[in-house]
Amino acid sequence: MNTAGYDIAIPGNHEFDYQVPAFFDVVDKANYTYLASNFRNADGSEIVTPGGKKIGGYEIKDLGGHKIGFVGVATPETYTKSTPKYFQDDNGNWLYTFSEDTAEHPDRFYPTIQASIDAAKADGAELIVVMAHTGIESTDRAWAADTIIANLTGVDIYLDGHSHEEREAVYYPDKDGENVYYQQTGTKVKPKDDQSQVKNLGEVTITFTESGFEVSGRLINVPELTESDEATKAIIDQALKEVEDSYGVVVGHTDYFLTINDENGKRAVRNNETNMGDFNADAYRIIGDSDIALVNGGGVRANLEAGDITRKALSQVNPFGNNVVTVKIDGQTILDSLEHSYRNVPNENGGFFQVSGLELTIDADVESPVVLNEQGFFDHIDETKPRRVGDVKVGGEPIDPEKIYTVTGTTYILQQQGDGMTMFKDLEVVRLFDEPDSEFVERYLVEALNGEIPAEYDGIHGQGRITINHEWGEPTYEWSEDNKTVTAKVVCANNESHVKQETVETTVKVTKEPTCEEKGEGLYTATFKNELFTEQSQLGEVDALGHKWGEWKTVKEPTVEEEGLEERVCENDPEHKETRAIPKIKVGWNKTDDGWTYTKDDGTQVTDGWQKDKDKWYYFKDGIMKTGWVKDSGAWYYLKPSGAMVAGTWYKVDGKWYAFRPGGSMRTGWFDDGGKWYYLKSSGAMATGWTKVGSKWYYMNTSGVMQKNKWIDTYYYVENSGAMAVNKWIGKYHVNSSGKWDKSR
């Protein structure tokens, strides 16, 4: 990142994968700034790294002559999406906070961020850009970007990450109802030959105008880019070579595609069973020699294509290098952990367990009974609510809440409270394995499977260990009094609190035609989307037609002085008519969906050409006021965002200066302005630096003024005419035919 030239970075949850001191080491080595307004010491003070660098809340950059304030925000989900123990001391006391609301500090998360925004503005920031790792979907609503924006003021742009969503140039209202520009680039692209390439780069452009500024943005598709920075590429290529040298060895083979996705290529390992999840979980259980294996779906990151399997491919499946441990856990604690793991189904959760040795059913329509603490960790089960996980079996037998089972998983889950698994505390360790998870899975492939993935792993949805279903009873149907809607309802036979309900609008086949005043009769039919419900029909009254009005037609045109008149006729009964007034023609400016129009005093609308209003000229095309560059009768004119023509002055357009005559036409060539000479290129743009006009060279300073009677760049001389001297003596110095000083007298 130093070589690539980054200016600012925001810590996400993966910045802490190798613990907080490792992250601080990165901060100290970085030539750029890390910002996180809400990441602080536990006492609320600002964090200072061992190398003396502050992780502040904001930084102001002078860009294009404007002060831009950048404010950092890190998600409190970092606790559970990283490893909770990394943020605590050996006694479990918190060393750091993400300023989340707590019982002791019930209102500090949003105010902490707001304080950095206010400080940046007080420090002179003209515009505030929040750079965040918060996300929207599958994120705690209190910490989601749109909720954060809704609780802040003064934010102009919010650039985000974490939830891997593609959101390009959308807006969310802030606390005052002002729209805030939001953009997020999405996740990594996963082509078969490269499972780590970034899919999009985000670009946001800020254009300052006379009235303020404008924001636009886009997502740039990285695989389509053709140029690269050679210095950065060299570093990456060397790292990849080292990885390939160490991890390129083939360790096995598969005829089957093992995946973390569904059949549409959408990630599924965090909310459904997959065959890749089964494979990893079986590796843990069999090599760990345990009753059960629990694998968090968020740690399973890549697919295995049919063909040879390399050590590198397995490390991409399990990239975090977590250690594996086998522990003893009672059945009730396992049941509680399953409730916590599957609390978000059908939505994603990095702590969604892929399992081995277990079979279970999830009822996704049951509200999760899990209660979380202030940091988003598991606190307890609300036993007044039904559980959503049932039919749990271990080795084909119903789980015994009091029995002790051996369970294999990563230390991240079973010892470090990863994904908020606080129910796993002080567990008896059977064995702590030396090798990281990817090597553990390699052992399973090589030692247990003899290097060949068997057919039992064929099928992307896995082996049916995790089931999401119900046993539904007979549905009931309730018709509305007017027969226009039907509500269908069905109750789960296993649990009466589980209900499916759908209300639909009916269609009607008329059997007796209605009139404008009298009702008819018809057969009403209700068709449902849910396959649990069947089509329903019954006879009923059909409403009277009422008046079916035709289009309004003008019978008298309006003028500047008098209203006009419109009339419409009922198609069911032509004797029924309605009239309404057409407003008088409004003189002057009018805003339409297509833009601004102008109506003259005589009531006619300007269609094409120039129109003067209050001493300013405006240009129209097809009746709409134009802005920007306009060519008329061979001359170029520039119209401000307000539409007014620029005349008799200099004006800056897209970073370049142009001069305009009193009549508004753009100047080109030489221009004497107050005794100072300027040269305007054929494009009209003011020249700076060395400029060739005809066969002679002239030098314009950064303000565009032609220089004369002076040495330029030490070796060149411009004469009184402004032209560069060539092949002559200037005092005691001689310049050659190229104009450069070459000797002295």
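What this report covers is the structure whose coordinates are included nearby. (Residues numbered from 1 in each chain as written. Predicted model: local features only at pLDDT ≥ 70, side-chain atom pairs only at ≥ 80, totals over all residues. Heavy atoms only, no water.)

Working definition: the strands of a sheet are paired by backbone hydrogen bonds and lie parallel or antiparallel to each other. Strand order in the open sheet made by the five strands is 19-16-25-18-26, with mixed pairing throughout. Of all strands in the sheet, those bounded by a partner on one side alone are strand 19 (353–356) and strand 26 (428–436). On average, each strand axis in the sheet is inclined to that of its neighbour by 25 degrees, with strand direction left out of account. (Pairing = 2+ DSSP bridges. Helix = DSSP H or I, 4+ residues; strand = E, 2+ residues; numbered from the N terminus. Axes fitted to C-alpha atoms, helices over the stretch in contact; angles between N-to-C directions.)

Right, let's get into the layout of surface pockets. Roughly 640 Å³ of volume is contained in the second largest pocket. Taken together, 22 residues form the lining of the second largest pocket, with Thr207, Phe208, Thr209, Lys652 and Asp654 sitting closest to its centre. When contributions to the lining of the second largest pocket are tallied by element, the ones reaching two or more residues are strand 7 (66–74), strand 13 (200–209), strand 43 (635–639) and strand 44 (650–653). Per-element accounting of the lining of the second largest pocket gives the leading share, four residues, to strand 13. The residue makeup of the lining of the second largest pocket, split by class, is ten nonpolar, seven polar and five charged. (1 Å grid on protein atoms, 1.4 Å probe; cavity = no way out; pocket = protein on both sides within 12 Å on 5 of 7 lines; lining within 4 Å. Points joined across faces, edges and corners; volume = space filled by probe spheres on them. Nonpolar A, V, L, I, M, F, W, Y, C, P; charged D, E, K, R; others polar.)

With 33 residues, the main nonpolar core has Leu338, Tyr342, Phe353 and Phe424 as its most contacted residues. Leave out the neighbours within four places in its chain, and Leu338 touches Phe353, Leu358, Leu360, Val389 and Val392. Among the nonpolar cores identified, the runner-up in size contains 28 residues, and Val251, Ala313, Leu314 and Tyr457 belong to it. (Core = buried A, V, L, I, M, F, W, Y, C linked by side-chain atoms within 4.5 Å. Buried < 20%, exposed > 50% of the residue type's maximum accessible area, 1.4 Å probe, protein only. Contact = heavy atoms within 4.5 Å.)

The next point concerns empty space enclosed by the protein. Going through the model one piece at a time under the given rule, you end up with one cavity of 30 Å³ or more. Of the volumes computed, that of the largest cavity is approximately 50 Å³. Taken together, Tyr284, Val295, Asn296, Gly299, Asn318, Pro319, Phe320, Asn322, Thr410 and Asp437 make up the lining of the largest cavity. Broken down by class, the residue content of the lining of the largest cavity amounts to four nonpolar, five polar and one charged.

Another aspect to go through is the sheet that holds strand 32 (residues 520–526). With antiparallel pairing, three strands are arranged side by side in an open sheet as 31-32-33. Each edge of the sheet is formed by a strand with only one pairing partner; in this case those strands are strand 31 (507–512) and strand 33 (536–542). Adjacent strand axes in the sheet meet at a mean angle of 25 degrees, parallel and antiparallel pairs treated alike. Where strand 32 meets strand 33, seven bridges bridge the pair, whose relative direction is antiparallel. Bridge pairing in strand 33 links Glu521 to Glu541.

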